[in-house]
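The chain contents come next:
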Amino acid sequence: MEYNFREIEKKWQQYWKDNKTFKTYNPTDPEYATSHSGRRGGAPYYVLDMFPYPSGAGLHVGHPLGYIASDIFARYKRLKGFNVLHPMGYDSFGLPAEQYAIQTGQHPEITTKTNIARYREQLDKIGFSFDWSREVRTSDPNYYKWTQWIFIQLFNSWYNKKTNKAENISTLIELFETIGFKGTEDDILTGDLEIYHDGFTVNEWNDFSEATKEQVLQQFRLAYLSDTMVNWCPQLGTVLANEEVKDGVSERGGYPVERKLMKQWSLRITAYADRLLNDLEDIDWTESIKEAQRNWIGKSEGTSLKFKVENQKSKEGMDGEAFIEVFTTRPDTVFGVSFVTLAPEHELVTKITTPAQKKEVEEYVTFAKNRSERERMADVKKITGVFTGAYAIHPFTCKQVPVWIGDYVLAGYGTGAVMAVPAHDSRDFAFAKHFGLDILQVILPPSPLEKGLGDEAFEAKEGTVINSGFLDGLEVKRAIKEAIAVIEEEDLGKGKTNYRLRDAIFGRQRYWGEPIPVYYKDGIPHVLNESELPLILPEVDKYLPTETGEPPLARAKDWKYTPLSGSPHRGEGFDYEYSTMPGWAGSSWYYLRYMDAHNDKEFVSKEAVNYWKNVNLYMGGAEHATGHLLYVRFWTKFLYDLGLIPVIEPAKKLINQGMIQGMSAFVYRLPPLFMWGRDNDKEKYKLPFIFLSKSLNEKLNKKILNLIEIETIKTIAINEFKKLNPHIKEVFSFDLSSCSALHTDVNIVNNNVLDQESFKNWREEYKNAIFITEENGDYICGSEVEKMSKSKWNVVSPDAMVEQYGADCLRLYEMFLGPLELSKPWNTNGITGVSTFIRKLWRLYHNGDVVNIGNEAATKSELKTLHKTIKKITEDIERFSFNTSVSNFMICVNELTEQKCNKREILEPLAIIIAPYSPHIAEELWNILGHTESITYAAFPECKEEYLVESSFNYPISFNGKTRFFQEYERSLPKEQVEKEVLALEQTQKYLEGKIPKKVIVVPNKIVNIVV
RNA sequence: GCGGAUGUGGCGUAAUUGGCAGCCGCGCCAGACUUAGGAUCUGGUGCCGAAAGGCGUGGGGGUUCGAGUCCCUUCAUCCGCACCA
């Protein structure tokens, strides 16, 4: 009996479901003690996949790649005795369901439910060992209740720089009530303050109105409301976070994005910038992700420095006290400053511009402001700017330096002003060259430059400082320190750290997201009481903004906040916040919820989170590098600060599986207008569909078709044309130049060979398609690697693969494809090899149709095969090298087949070690071996080294590093003896050709190398 | 421009610490069986060469008895960031 995967896989999937095989218990669960994990007392191990957004298209073969790998690992850890948490859920709020709702009027919840059901069905077919009892959906009120709860905690917290952690806002109010606030210079200020606040005394604070107090507190809350420049996307009708914008257009949909000032909820992630950066050191994530996060955070250390603006006696508004504050990381080059540049948006621009320059400056500022982000990015190389007419005084040389405006200076970074050092900064250099400004060299490079300083800036942080007064002769790094010291001493500025990271905009003007649990009283935002959660997403008549441009939630009827009885606002109805949370809100803490998914008292219990702690292995795509993975780290640190969880990082280890690209298939159609008859009205013709096989098309393109081939094609084409158009008596012209390549459905192509019958049935117009094939009658398609997408007809769904080859085969094959992290095109060319392997494995346990397991002792070589495999597989799994384990299984089965091994002593452990990879067949074989329980909680066999040791070693004997022949010696034979024996060999003498060896290297049990 | 990753047969890939380059699979070639198939099994298959032998891990150089692996340099492809002072 051949292995019947269809029946067997279904059977075990049902068994797992019926027996709740993968249900995981926390030690506090009553069932824990009697569960497998409880009995074995295994340590907790948490394997998590980044959860999917359930899109309408369903899964394609790329999605399961990571899931299969993590499932193998989870199953392996169970076999090793761990209590494994391996959950799955859905990131079910999001734009596509809402866009669909706008088009069809269908509630996004319905779409989402349907899509989730389809995902579930697809996932189940692949045999994953998820504990579905812990499933979460971010759009479920029982889940988003706690997302809202965390938002309230953020609102009620500020970041205390002294204790370096988030604290309740009450400790800040206490400070205001006891010592007041010194304003912008106060070192309790943190992060990305959009509006600087003046200082105030204790008395002033106490006299502030509630509204003013709240306004002040908004400067400190970790969730706060402020007027912020946002990325507004008109087509999507919402703001987007920085990482949702790529190259000036929205990541989803590719719509233009513009900058707009809006009142917005933001999260003060910048307060955590330093910790987000430093803690990267201690987590085992890929270097590329860490680097992407470092880039995104963009820490740079330097100093601020004030340039006095020269008093212009003639003009009003200039009181002689104006300063331009710049930020620089290169204070060592301060003597090289030859001008100062302001961002067009800089507040001093209007103040300092001289009357003579006024018109020009105003024109320029308008021009710069109206350039969209996209334009600005598109022509980075274009240098624009204008002179203000004003001069600043160099703080050390006291010389005049002109003040310019240039849009290469960003308003949002640093102070929005730079001290320009053209000799040592390429942007300043380009600007100076363009406008003919001075270039002063102040750094002597350590080695002579290839190009002179006249051609490009010398930017490296190395060399010796020259022409620089008190800095002369210092090495660059020393000079930076010295310069900062002097700047601080003379009160010209302060050592300072800047981050590229901006606060995260948290509001979205959309419907399908978590409502922000806030209401407004007298324009002041208040958060809901925790007991009032969840704030349920209300029903609306349309999923569109209101006529007045308010978000969809403003459409909800009678949706007002009425406080709980006993509260001062009784009987009133207040407006809720109408924007909803962004897609990443729910995913920023979901890993915690899985630990305690049904808790209705807390977001996660202390016991549960102290037991599971954080994710041991996190699997997901690299596209979340600066989005989700940064936010989930931020929330984790925040919850840690509040003492709610014991960990500062969400995941100890992170693996990014590679992307599976599509392999598109092409057919080559002869040009439809290659011929015509007497009457040149093509409406009267029916044109045949004639396709040239790949090699003929290539020859055609290279114009190397031979006469016979050309004749054949012509004859076929003309005959077909005549057949279709009997009214045309004569075909006059025939133009055979090039074919058009058409995408064809990859599901009817096998190893580039087109299934011609299926192709004819694929589309009505191809019913009578004619194929001009290769000599063997095959039609060979062309192929190209492209993104997997519906429109390219290259989507391969896992269902089709499971249907044809089975889930085990799909699992093994996806792993066999290559290293997990590598991106590769999906290509089923090799799947038959894996399929054959599974059948071979099955046959090992059978003789013909009957089960054939022997109970006699295994031979030495059988044991060696087994233990060698155990060792390899263990090593492979531990280093996530799943592709190599598949080949090792193949080697093992090939060897055992050769040995005609049917011994239980071998076949039983073999079933266990292969179970994580192909669990269905493993369960069946385990059953055949007489076990009544699932193989899931069997014990992974240990490798016994004694079966692997050989008494002798077959030495490769090499001459000058080239292996010439082999010679076997006892492993214990000493080095000297090996050398002696090798030199005495007849073969050695042959290769020595009478020469005397210069040197003989013997590496015991490795190699012998003779140097001649 | 900066950063990250990857370059090995016709293809996907493999090679603990520097120690037999090409495991395993696909494809291809030959053969067996045959109910002729997209089935199964056996053997072969890096390149050049009739062979002996030579050449081979993107290119060039180096260290070493010995380099796919270490160092320098260079090229190509992919990804991320990008007037971030």
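Engineer: For this particular structure, what's the right way to read the pattern of salt bridges?
Structural biologist: Oppositely charged side chains can pair when the atoms bearing their charge come close. Taken as a whole and judged by the stated rule, the model has 34 salt bridges. The salt bridge involving Glu135 is made with Arg137; its shortest N-O contact spans 2.6 Å. Of the charged contacts, one joins Lys637 and Glu649 as a salt bridge, the two residues approaching to 2.8 Å between their closest N and O atoms. Residue Lys637 is located in helix 20 (residues 628-641), and its partner Glu649 is located in the loop between helix 20 and strand 25 (651-656); the two are separated by 12 residues in the primary sequence. Each member of the pair, Lys637 as well as Glu649, is classed as buried.

Engineer: Looking at this model, I keep getting lost on the protein's contact with RNA strand B. Mind explaining?
Structural biologist: For RNA strand B, the set of nearby residues contains 51 residues, the closest of which are Glu291, Thr329, Arg427, Arg839 and Phe966. Take the atoms of RNA strand B that sit within 4 Å of the protein: sugar and phosphate atoms are 61% of them. Ser300 is positioned with one of its side-chain polar atoms (N or O) 2.7 Å from a phosphate oxygen of RNA strand B. Between RNA strand B and Lys1006, the relevant distance is 3.0 Å, taken from a base oxygen to a side-chain nitrogen or oxygen of the residue. Residue classes in the surface near RNA strand B are distributed as 20 nonpolar, 18 polar and 13 charged.

Engineer: Sorry if this is basic, but what is going on with the sheet that holds strand 2 (residues 83-85) here?
Structural biologist: Hydrogen bonds along the backbone pair up the strands of a sheet, which may run parallel or antiparallel. The 4 strands lie next to each other as 2-1-24-25, forming an open sheet whose pairing is parallel. If you trace the sheet from one side to the other, it starts and ends with strand 2 and strand 25, each paired once. When the angles between neighbouring strand axes are averaged without regard to direction, this sheet yields 20°. Where strand 24 (residues 615-620) and strand 25 come together, 5 bridges link them in parallel fashion. Within strand 25, the position partnered with Tyr618 by the bridge is Leu654.

Engineer: Honestly, the packing of aromatic side chains in this entry has me stumped. Any pointers?
Structural biologist: One pair of aromatic rings is described through two measures. These are the centre distance and the angle between the planes. In this structure the tally under the stated criterion is 75 aromatic pairs. Aromatic pair Tyr67 and Phe130: ring centres 6.5 Å apart, planes at 80°, arrangement edge-to-face. Of this pair, Tyr67 sits in helix 3 (residues 64-79) while Phe130 sits in the loop between helix 5 (108-125) and helix 6 (141-155), and the two are 63 residues apart along the sequence. Each member of the pair, Tyr67 as well as Phe130, carries the same accessibility label: buried. Look at Phe93 and Trp512: their rings are 4.8 Å apart centre to centre, the planes differ by 80°, and that puts the pair in the edge-to-face class. Of the two residues, Phe93 sits in the loop between strand 2 and helix 4 (95-104) while Trp512 sits in the loop between strand 19 (504-505) and strand 20 (518-521), which places them 419 residues apart along the sequence. By the ring-pair criterion, three or more aromatic residues cluster together here, those being Tyr45, Phe73, Tyr76, Phe82, Phe880, Phe882, Phe889, Tyr917 and Phe940. Across from the ring centre of Trp16, 4.9 Å away, lies the NZ or CZ of Arg75, which sits over that ring. Positioned above the aromatic ring of Tyr45, the side-chain terminus of Lys77 is 4.6 Å from the ring centre.

Engineer: Looking at this model, I keep getting lost on a nonpolar patch on the surface. Mind explaining?
Structural biologist: Side chains of Ile1001, Val1003 and Ile1007 sit close together on the surface and give an oily, nonpolar patch of about 180 Å² of accessible area. Relative to the assigned elements, Ile1007 resides in strand 41 (residues 1007-1011).

Definitions and cut-offs
- Sequence order as written defines residue numbering, which begins from 1 separately in each chain.
- All chains are assigned letters beginning with A, and all ligands numbers beginning with 1, in the order in which they are written.
- Thresholds applied to this predicted model are a pLDDT of at least 70 for local features of residues and 80 or more for the giving and counting of side-chain atom pairs; totals over whole chains, interfaces and linings are not thresholded and use all residues.
- Calculated side-chain values reflect all of the structure's heavy atoms, with hydrogen atoms and water omitted.
- Take a side-chain nitrogen of Lys or Arg and a carboxyl oxygen of Asp or Glu: if they are within 4 Å of each other, that pair is a salt bridge.
- Each helix corresponds to a stretch of at least 4 residues labelled H or I by DSSP, and each strand to a stretch of at least 2 residues labelled E; elements are numbered beginning at the N terminus.
- Per-residue accessibility, obtained with a 1.4 Å probe over protein chains only, is compared with the maximum for each type, and a residue is labelled buried under 20%, exposed over 50%, and partly exposed between these values.
- Residues are classed as near a molecule or strand on a simple rule: at least one heavy atom within 4 Å of it.
- Each polar contact in these results corresponds to two N or O atoms within 3.5 Å; when the atoms are within protein, one needs to be able to donate a hydrogen and the other to accept it, and residues that are neighboring in sequence are counted only if both atoms are side-chain atoms.
- Note that Gly is not counted as nonpolar here; it falls among the polar residues with everything else outside the nonpolar set of Ala, Val, Leu, Ile, Met, Phe, Trp, Tyr, Cys and Pro and the charged set of Asp, Glu, Lys and Arg.
- Strands were regarded as paired on the criterion that DSSP finds at least two bridges between them.
- Only the contacting stretch of a helix is used when fitting its axis, a line to C-alpha atoms as for every element, and angles between N-to-C directions run 0 to 180 degrees.
- Stacked, edge-to-face and tilted are the three classes for Phe, Tyr and Trp ring pairs, Trp counted by its six-membered ring, which pair at centre distances within 6.5 Å; planes under 30 degrees apart are stacked, over 60 edge-to-face, the rest tilted.
- Placement of a positive charge over a ring is assigned whenever Lys NZ or Arg CZ falls within 6 Å of the ring centre and within 35 degrees of the normal to the ring plane.
- Residues enter a patch when their relative accessible area is above 30% and they make no salt bridge; the linking distance is 9 Å between like charges and 5 Å between nonpolar side chains (Val, Leu, Ile, Met, Phe, Trp, Tyr).
- We get accessible surface area from the Shrake-Rupley algorithm with a probe of 1.4 Å; when it comes to residues, only the shown protein chains can shield them.

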